[in-house]
Amino acid sequence: MAGNEYSADSEQATQDGLRIEQARDGGRMTLDLAGDLDMYASQRLMQELRQALEQPIDELQINAANLDFIDSAGLRAVLWAQSEAQSKGMAFRVTAVSRVAERVIDLAGLREILLSPAA
Amino acid sequence: MLARYIEEGEEAQLEAAYTLGRRCFADGMTILGLLDLHRTAVEDLLAEHPSDPDQGQVVRTFGFLAEALGTFEMAQRGYREAQERARLEQERAAREQAIAVGLQQDLLPTGVPQVPDFEVAVRYLPGEARSHAGGDWYDVFELDGDRAGFVVGDITGHGVGAAAHMGQLRVAVLAYALAEFQPSDVVIGVDGLMGHLSTQQMATLVYAVADPAREQLTIVNAGHPPPLVIDPTGEVRQVTEGRSRLLGVRPPMQERPQVVIPFRRGSRLVLYTDGLIEQVERSGQDGIALLEAIAAETGGRKEDLCDLLLRKLAPDGAHDDVCIVITDLLL
């Protein structure tokens, strides 16, 4: 996909096990998550999401295909981004989830909210 | 010391001076303070040789050195301030952890609640990592008609705030339950109530009502890991029915399912929070399947099963809160 701008934060010294990569393609912003999205990482993710939501975009996507772990605090961050995006009139989508993340989403009963194609 | 070093060039004197210098820094002396000490010592030495033509040069050299070291002095001060801030932050975190754990203890049932016909074992470990103590709770209580209610729940967040929110939710569940709402309505009520609390947290819980007369268990599960039921023959079952999404997502659900399953005398109910399976899940294993396997292998005392589960699933202590409630319906 030519024309994408990548800004990775991999150089930032972090104390958690989450890697976040942002890619912007026109009006669509994608956050690619890899590693562990736990309570500590979720605080940093919230900050990144808040910044992403400030951008002049019309779609926010989260790719969770490479998540090794997610807990309820991580789910909360994603749900928060979804409701913020929707209140700003942005489209929001979780594009892909790892098997582990899908299981946690199912346990939390959030499949319909987070993984339905219409969302 | 200085005189002997200058006159005799003794390395031993230099070594002693280093030690003394390090001790001075450790005791809080600044770089310029140490320089000043040296200046005084050198001036004392020079005073013994008033005719030395280099005197003026030496004094000016010290002045220049003081200017040059000013930057290092500032860096040193910054470093010491950062160290102090880190120490204060550590103290603050330890204090918050102590308060959160104290609050948890005050907001949880005291001891193991006694209910007729049932025997209950409880293990509750506050999370240890980085003031992680917080949001798990449990409850055991009598209901009308010799029934008993069992709750385990987990609210997101950590520290004092999570402990306080946990207390609110515990009371909310208890209030609806004791008012004899059926389990699904208890959860609907609590979910609705959360919209009126200041917290924007989410929570998961399982509420089970055991009826010894009918030998039945009614379970409602809001986004929580599935409970296990072990029947008198030792067969273990994950209860995956009666499940709906976790609490705190707006708008609240108007309807939630519950499930009624057989719970014969001699059966065992295992409730737990996700802190129990977190370590295993992080290593890529299915924590619930492992829990089920251990429960299947381990008959006998419920206390032993509690301890075995903790030993096998959370050997490194509690990162997050861990709560286990094992209940036997007596024969």
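All of these numbers come straight from a predicted model, not from anything done at the bench.

Caption draft 1: Main features of the packing of helix α7 (residues 275–282) of chain B against helix α9 (residues 302–313) of chain B. Residue and element names in this part refer to chain B. Two numbers describe how α7 lies on α9: the axes approach to 9 Å, and their chain directions differ by 30°. Relative to α9, the element α7 lies roughly parallel. Both α7 and α9 take part in a crossing whose hand is left-handed. Residues Leu276, Gln279 and Val280 of α7 form the contact with α9, whose participating residues are Leu309, Leu310 and Leu313.

Caption draft 2: Layout of the interface of chain A and chain B. Between chain A and chain B, the contact holds 19 residues from the first and 25 residues from the second. Of the roughly 2000 Å² buried between chain A and chain B on both sides combined, carbon and sulfur atoms contribute 55%. The tally of links from chain A across to chain B stands at 4 salt bridges. The shortest N-O distance in the salt bridge between B:Asp286 and A:Arg103 comes to 2.8 Å.

Caption draft 3: Summary view of the packing of aromatic side chains. Residues and elements named next belong to chain B. Counted under the stated rule, the structure contains 4 aromatic pairs over all chains. Measuring from centroid to centroid gives 6.3 Å for Tyr124 and Tyr138, while their planes differ by 45°, and the two rings are tilted. Taken together, the residues Tyr124 in strand β1 (residues 118–125) and Tyr138 in strand β2 (residues 134–142) connect sequence positions 14 residues apart. Here Tyr124 matches Tyr138 in class, with each residue buried. Consider the rings of Phe141 and Tyr207, whose centres lie 6.1 Å apart with planes at 35°: the pair is tilted. Here Phe141, found in strand β2, pairs with Tyr207, found in strand β4 (residues 203–211); they are 66 residues apart in sequence, far enough to count as distant. When sorted by exposure, Phe141 lands in the same class as Tyr207, which is buried.

Caption draft 4: View of empty space enclosed by the protein. Counted by the stated rule, this structure contains 5 cavities of 30 Å³ or more. The calculated volume of the largest cavity comes to roughly 250 Å³. Along its surface, the largest cavity is lined by 19 residues, and A:Ile70, A:Asp71, A:Val104, A:Leu107 and B:Asp274 are the ones closest to its centre. Residues that form the lining of the largest cavity fall into these classes: 10 nonpolar, 4 polar and 5 charged.

Thresholds, definitions, all that
- Residues numbered from 1 in each chain as written.
- Chains lettered and ligands numbered in written order.
- Predicted model: local features only at pLDDT ≥ 70, side-chain atom pairs only at ≥ 80, totals over all residues.
- Heavy atoms only, no water.
- Axes fitted to C-alpha atoms, helices over the stretch in contact; angles between N-to-C directions.
- Helix = DSSP H or I, 4+ residues; strand = E, 2+ residues; numbered from the N terminus.
- Parallel < 35°, antiparallel > 145°, perpendicular 65-115°, else oblique.
- Left-handed = near helix turned anticlockwise from the far one by under 90°.
- Contact = heavy atoms within 4.5 Å.
- Buried area = accessible area lost by both parts, 1.4 Å probe.
- Salt bridge = Lys/Arg side-chain N within 4 Å of Asp/Glu carboxyl O.
- Phe/Tyr/Trp six-rings, centres within 6.5 Å; stacked < 30°, edge-to-face > 60°.
- Buried < 20%, exposed > 50% of the residue type's maximum accessible area, 1.4 Å probe, protein only.
- 1 Å grid on protein atoms, 1.4 Å probe; cavity = no way out; pocket = protein on both sides within 12 Å on 5 of 7 lines; lining within 4 Å.
- Points joined across faces, edges and corners; volume = space filled by probe spheres on them.
- Nonpolar A, V, L, I, M, F, W, Y, C, P; charged D, E, K, R; others polar.

Just geometry here; none of it tells us what the structure is for.
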